[in-house]
Amino acid sequence: TIRSSRRSAAQVKMVDGAALAVRPNTELRIDNYSFKKKGTEDRSYFSLIKGTFRSITGLIGRNKRSSYRVKTPTATIGIRGSDAEIGHNGGVSAVHTINGGHSMTAPDAEGKPVTIQTNAGQIAVARTPYVQASILMLSFIAFMACLAAV
């Protein structure tokens, strides 16, 4: 688990070439990371407990998209690309796609999964107790404000 305080941050380089930039006030858990260059065994699974981080995908995500995911208390985020800011704060999860594309899946009011796809420049937001799903064309500043407002 990587924890940063109000005045700290971390940058982590993974052996598959992925990069994580953990922002202040963040708790990011590495649930399962394995890179053996065998495709079927490679995994890059994270849980974002709170805060924000930037993820630039390495070989695991590029070779097999389903082998990369980020869970938050609200949603699960997968990739269709390589660069995103991901955040969770107070029941709100968001993904800001910088390059490529991403998917966010979260339960609706009836508990059924809803998946939102984003492309570069778009943001998807999921909020408990159900998804108020929308794709927004927002700047990174608006993305951070969205998370800070809760």
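Given the structure is predicted, the values throughout are model-derived calculations rather than measurements. (Residues numbered from 1 in each chain as written. Predicted model: local features only at pLDDT ≥ 70, side-chain atom pairs only at ≥ 80, totals over all residues. Heavy atoms only, no water.)

## Topic: the overall build of the protein
- Within the protein one finds 2 helices and 13 strands.
- In the protein, which comprises 150 residues, the proportion classed as buried is 43%.
- Put simply, of all contacts in the protein between residues at least 6 apart along the chain, 42% involve residues at least 24 apart.
- Put simply, the protein shows about 7500 Å² of open surface, and 51% of that area lies on carbon and sulfur atoms. (Helix = DSSP H or I, 4+ residues; strand = E, 2+ residues; numbered from the N terminus. Buried < 20%, exposed > 50% of the residue type's maximum accessible area, 1.4 Å probe, protein only. Contact = heavy atoms within 4.5 Å. Areas by Shrake-Rupley, 256 points an atom, 1.4 Å probe, with all protein chains shown as cover.)

## A short note on the pattern of salt bridges
- Tallied over the full model, the rule gives 5 salt bridges.
- In this structure, E27 and R3 form a salt bridge, with 3.5 Å as the shortest nitrogen-oxygen distance. Highlighted residues: E27 in strand β4 (residues 27-34) and R3 in strand β1 (residues 2-3), separated in sequence by 24 residues.
- The salt bridge partner of D31 is R29, with a shortest N-O separation of 2.6 Å.
- Overall, R29 belongs to the partly exposed group, its relative accessible area being 35%. (Salt bridge = Lys/Arg side-chain N within 4 Å of Asp/Glu carboxyl O.)

## What to know about the nonpolar core
- Counting 22 residues, the largest nonpolar core has L28, F46, F53, V70, I86, V95 and M104 as the members making the most contacts within it.
- Breaking this core down by element, the ones donating at least two residues are β3 (19-22), β5 (43-56), β6 (68-71), β7 (76-79), β8 (83-89), β10 (101-107) and β12 (123-127). (Core = buried A, V, L, I, M, F, W, Y, C linked by side-chain atoms within 4.5 Å.)

## Observations concerning the side chain of S55
- Tracing the sequence through the fold places S55 in strand β5.
- Look at S55 and you get buried, because its relative accessible area is 3%.

## Concerning the pairing of β8
- Within β8, 6 of the 7 residues are buried, which leaves the element mostly enclosed by the surrounding structure.
- Alignment of β5 against β8, held across 6 bridges, turns out to be antiparallel. Looking at β8, one finds that G51 is bridged to H88.
- Both β8 and strand β9 (residues 92-99) contribute to a ladder of 7 bridges, which runs antiparallel. Each residue of the ladder has a partner; that of G87, found in β9, is A94. (Pairing = 2+ DSSP bridges.)

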